[in-house]
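Tertiary structure, described
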Amino acid sequence: MKRLACLGIAVFLGLFAFGQDIPKIGLILATGGLGDRSFNDQSYWGAERAAQELAARYEVSTKDVFSYVEPRSIADYEAFQREFARAGEYTIIVCIGFDQAPILEEVAPDYPDQKFVVIDAVAAADNVASIVFNDWEEAFLCGVVAGMLTNTGKVGVEGGMDIPLIRRFVQGYTQGAMWANPKITEDDVLVRYVGAWNNPTLGKELALEMYQAGADIIYGAAGKSHLGVFAAAEENPAWWALGTDVDQAWSAPEHADVIVASGLKRVDLAVYTEIMKAVEGTWSAGVISYGMVSDIGIGTGIAFGPWTINDYITASYSEAALPNSLVHEILTKLVEAVDGIMSGSIVIEHE
Amino acid sequence: MRWTKELIPIAGAIVLALGIGAIVTALTGYSVPAVFKQLVIGAFGDWYQLAQTLTQATPILFTSLSFLIAFRAGLFNIGAEGQLYLGAFFSAWAGFSLRLPPVLHTVVCLLFGAVAGAIWGFIPGWLRAKRGANEFVTTMMLSYVAIYLTSWLVAPGGPYHGTQWANQTVRIATSAQFPRFIRGAQLSWGIVVGVLIAFIVWYLLFRTPRGYELRAVGQNPLAAEYGGINVARNLILALVLAGALAGLGGAAETLGTHRRFIENFSPGYGWDGIAGGLIARAHPLGAILAAVLMGALRAGGQAVDRAGVAPADLASVIQGLVIFFVVAPELIRYLRRLRRGKLGDTEP
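Figured I'd write up the structure that's included with this text.

**Brief notes about the sheet that holds strand E3 (residues 92–96) of chain A**
All names here are of chain A. Strand order in this open sheet of six strands is E2-E1-E3-E4-E5-E11, and the pairing throughout is parallel. Looking along the sheet, the strands with just one partner apiece sit at the ends: strand E2 (66–69) and strand E11 (286–290). With strand direction ignored, the average angle separating the axes of adjacent strands in the sheet is 20°. In the sheet, strand E5 (residues 128–133) pairs with E11 via five bridges, with the strands oriented parallel. Residue pairing in the sheet places Ser130 in a bridge with Val287 of E11.

**Things to note about the sheet that holds strand E12 (residues 300–304) of chain A**
Residues and elements named next belong to chain A. Pairing is mixed in the open sheet, where seven strands are placed in the order E7-E6-E8-E9-E10-E12-E13. Each edge of the open sheet carries a strand with a single partner, namely strand E7 (189–193) and strand E13 (313–314). Alignment of strand E8 (residues 217–221) against strand E9 (residues 240–243), held across three bridges, turns out to be parallel. Paired with Ile217 across the two strands is Trp240, which belongs to E9. On the sheet, helix H6 (residues 135–149) packs against strand E6 (155–159), E8, E9, strand E10 (259–265) and E12 and is oriented at approximately 165° with respect to E10.

**A look at the interface of chain A and chain B**
Each partner contributes to the interface: chain A provides 33 residues, whereas chain B provides 30 residues. Summed over both sides, the interface of chain A with chain B buries roughly 2,700 Å², with 50% coming from carbon and sulfur. Taken together, the links from chain A to chain B amount to seven salt bridges. In this structure, the salt-bridge partner of Arg306(B) is Glu83(A), at a minimum N-O distance of 3.9 Å. Counting across the chain A and chain B interface gives 10 residue pairs in polar contact (both at pLDDT 80 or more). Looking at the side of chain A that touches chain B, the elements with two or more residues in it are E2, helix H4 (77–87), helix H5 (101–107) and helix H7 (164–180) of chain A.

**Brief notes about the packing of aromatic side chains**
For the structure on display, the rule yields 25 aromatic pairs over all chains. Considering the side-chain rings of Phe324(B) and Phe325(B), the 5.7 Å spacing of their centres and the 80° angle between planes classify their relative orientation as edge-to-face. Members of the aromatic cluster, each reached through a chain of ring pairs, are Tyr85(B), Phe89(B), Phe90(B), Phe96(B), Tyr160(B), Phe261(B) and Phe265(B). Between Arg49(A) and the ring centre of Tyr272(A), over which it is positioned, the NZ or CZ distance is 3.6 Å. It is Lys333(A) that lies over the ring of Trp179(A); its NZ or CZ is 5.0 Å from the centre.

**What about the side chain of Lys24(A)?**
Residue and element names in this part refer to chain A. Inspection of the secondary structure puts Lys24 in the loop between helix H1 (2–19) and strand E1 (25–28). Classification of Lys24 as buried rests on a relative accessible area of 16%. Here Glu89 takes part through its side chain, which lies 2.6 Å from a polar atom of the side chain of Lys24. The contact partners of Lys24, leaving out residues within four places of it in the chain, are Asp64, Val65, Phe66, Ser67, Glu89, Tyr90, Thr91 and Ile92.

**Considering H4(A)**
Residue and element names in this part refer to chain A. Counting buried residues along H4, nine of its 11 residues qualify, which places the element largely inside the surrounding structure. Residues Tyr77, Glu78, Ala79, Phe80, Gln81, Arg82, Glu83, Phe84 and Ala85 constitute the buried set of H4. Two residues or fewer after H4 comes Gly88, characterised by a positive phi angle close to 70°.

**Quick notes on the packing of helix H11 (residues 269–279) of chain B against helix H12 (residues 284–307) of chain B**
Residues and elements named next belong to chain B. Between H11 and H12, whose axes approach to 9 Å, the crossing angle comes to 135°. One way to sum up the angle between H11 and H12 is to call them oblique. Taken as a pair, H11 and H12 cross one another with a handedness that is right-handed. Across the interface between the two elements, Tyr269, Asp272, Ala275, Gly276 and Ile279 from H11 touch Ala290, Leu293, Met294 and Arg298 from H12.

**Points about a nonpolar patch on the surface**
Residue and element names in this part refer to chain B. Nonpolar side chains collect at one region of the surface, where Phe136, Val137, Met141, Tyr144, Tyr148 and Trp271 lie side by side and expose about 630 Å² of accessible area between them. By the element assignment, Tyr144 lies in helix H6 (residues 135–154). For Tyr144, a relative accessible area of 38% gives the class partly exposed.

**Overview of the environment of Gly19(B)**
Residue and element names in this part refer to chain B. With respect to the helices and strands, Gly19 occurs in helix H1 (residues 2–27). Using a relative accessible area of 31% as the deciding quantity, one classes Gly19 as partly exposed. Each C-alpha atom of the pair Gly19 and Arg171 lies 43 Å from the other, and the pair is 152 residues apart in sequence.

**Structural notes on the pairing of E1(A)**
Residues and elements named next belong to chain A. Of the two faces of E1, both are covered, the one formed by Ile25 and Leu27 as well as the one formed by Gly26 and Ile28. Of the strand pairs in this sheet, E1 and E2 are connected by four bridges, and their pairing is parallel. In the sheet register, Leu27 faces E2, and the bridge partner there is Tyr68. Two strands pair when backbone bridges link them, and E1 and E3 are joined in this way by four bridges, in the parallel orientation. Considered in E3, the bridge of Gly26 is made with Ile93.

Here is what the cut-offs are and how they apply
- Residue numbers run consecutively from 1 along every chain, following the written order of its sequence.
- All chains are assigned letters beginning at A, and all ligands numbers beginning at 1, according to the order in which they are written.
- Only residues with pLDDT of at least 70 get local features here, since the model is predicted, and only at 80 or more are side-chain atom pairs given and counted; chain-wide, interface and lining totals rely on the full set of residues.
- Side-chain descriptors were evaluated using all non-hydrogen atoms of the structure, hydrogens and water having been removed beforehand.
- Pairing between two strands requires that DSSP report at least two bridges joining them.
- To qualify as a helix, a DSSP run of H or I must reach at least 4 residues; to qualify as a strand, a run of E must reach at least 2; elements of each kind are numbered from the N terminus.
- For helices, the fitted line uses only the C-alpha atoms of the stretch in contact; every axis is such a line through C-alpha atoms, and the angle between N-to-C directions lies from 0 to 180 degrees.
- Any pair of residues with heavy atoms lying within 4.5 Å of one another is described as a contacting pair.
- Values labelled buried area give the accessible surface lost by two parts on being combined, using a 1.4 Å probe and summing over both.
- Salt bridge, as used here: a side-chain nitrogen of Lys or Arg that lies within 4 Å of a carboxyl oxygen of Asp or Glu.
- Polar contacts here mean pairs of N or O atoms no more than 3.5 Å apart (in protein, one a potential hydrogen donor and the other a potential acceptor; neighbouring residues in sequence count only if both atoms are side-chain atoms).
- Only rings of Phe, Tyr and Trp enter the pairing, Trp through its six-membered ring, and a pair is recorded when the two centres are within 6.5 Å. The plane angle decides the type: under 30 degrees is stacked, over 60 is edge-to-face, the rest tilted.
- The rule for a charge over a ring is simple: NZ of Lys or CZ of Arg within 6 Å of the ring centre, and within 35 degrees of the ring normal.
- Buried, partly exposed and exposed residues are distinguished by accessible area as a fraction of the type maximum, computed with a 1.4 Å probe on protein chains only: under 20%, between the cut-offs, and over 50%, respectively.
- An angle below 35 degrees is treated as roughly parallel, one above 145 as roughly antiparallel, one from 65 to 115 as roughly perpendicular, and anything else as oblique.
- For any pair of crossing helices, the crossing counts as left-handed if the nearer helix is rotated counterclockwise from the farther one by less than a right angle, and right-handed if it is rotated clockwise.
- Nonpolar side chains (Val, Leu, Ile, Met, Phe, Trp, Tyr) are joined into patches within 5 Å and like charges within 9 Å, using only residues with over 30% relative accessible area and no salt bridge.
- We get accessible surface area from the Shrake-Rupley algorithm with a probe of 1.4 Å; when it comes to residues, only the shown protein chains can shield them.

Here it is, written out as structure tokens:
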């Protein structure tokens, strides 16, 4: 009798759990946090888009299918990864940022049934999908714009940290500028590293240093820190800036007058796709690359000018006052660069 | 009897703080029951959550002890944060550089952490005793030096940047690690060591002549000097001990919680120690309870954040309110006593 009752309860609970089987998304952002109008915000939008679709499908509110946290330090990652995984209610846990990978490699095997995604790095575990981007491609295109636009013959780039991921941006940018403008040598590309993803004040100081050293256009690849590049560019009408990962003239509209173009890295697309694959049951672990020459074939590009030309060169909300002829000239060069990268006639060296 | 007399106002202050926290939660448009339910579940919900609370409590226990031992000698050590960082880094260094048998390795790492913290306490102690430099300023300023120094050590280009991309050292050897209690939880033997040290500090302060001298200097330095106590030496000793305790806290974080040194690993444990020491009424055993309270608020805050019932900031507000209500009366009492020129001794 007792056994029967237990069975009955188990079946009831099983049915109950089945009836409640609404997918749920967990998102652990990088230490830069929301409000960077770039990498983190874009990751959030990707997850939010998936959450809204799921909320509509199951007729619940977005909050019921989506939770996110903003860790303050790398040291918080482990606790949050475990907190989400242990809850056991998340269809997929999305970890943003390369620096989550080392600890995820240790945490993921403890929860073999939990699906994880990590962006920008490879975590070797059987239940982790690692998404990497050809960052050098977006950086190369930004370099092309910088090389064509500069009057001083000097261009700058501000990275978040002196690490392989960011050096790839610098390498791509440098080659792009030299390819578009033969007068530019490697010495004409000024490079500064902020050392943090969330320090716009220092980001501005370092940008001013480069502008005053003669660079008239600076590319920011430093998370929230390079919002300081835009602020610095506002101080002189001859100074321009380039954004990263998302059209920052749109995401940081108060600086649309100085942001000429932005490199694109469709983190939102990758996050959205991984979530939906997990929900539909087509998700698998492993490494997936995004970019022009990659597994997916799209995912990097540039936002420049008033028109969308193709998958890689899209319209920007930039309000920078450039003569039409120059915009046409740059767009032509960008098309040439994209064709070159796709056909393999342009090979971007990177670590 | 004394215990209840101390505990009732603290409990009252916590209830009051939670009440105001509830009002703030409601006014900002979040569900009060949902937030408080998550706070409690996150702190005490099951074994794992309890382990999270104790994990967070471990460094706070050490920094609380650090604060209160200096406080007993009439000093404000507000540099525990920096001492914690140095202790964490140097114990990590000993953890990945030295090759020693298991238990011995852990002990050596703890010593490295304690000595690093102690040196960082000695400098302001010496400056205070010999030059009259206000330790309030020197401990805080040296704190920044320590935090940025350790950041540099593990930053790209720094000498101890690990093989991976993140700003952290490589992992310490298994022989140096504190064993963990539950698979998957970060809780380690650090908490046991912490409690043990709390008892040692209690014994030192209240059962040894050395502790008597420290407290005498704290209550009235002139009278102590008249009584033949070397005030300068005791001031230095108090800050050296304070630094060593905070350094041990950093070592416990490295050896148990993270198993490596990570840049910016502390969300302000050094500052929590000030609140913890004051909540404990500067009593070493009270510090155990105070640290668990603060750890519970932090662990609960993380659960609130993860469950998405309210932003993490709201959990921080509730934490802040609790600290404020519990600590403020004690601080006011302390300042009043300070103005009257004497510090009453509250211990048995």
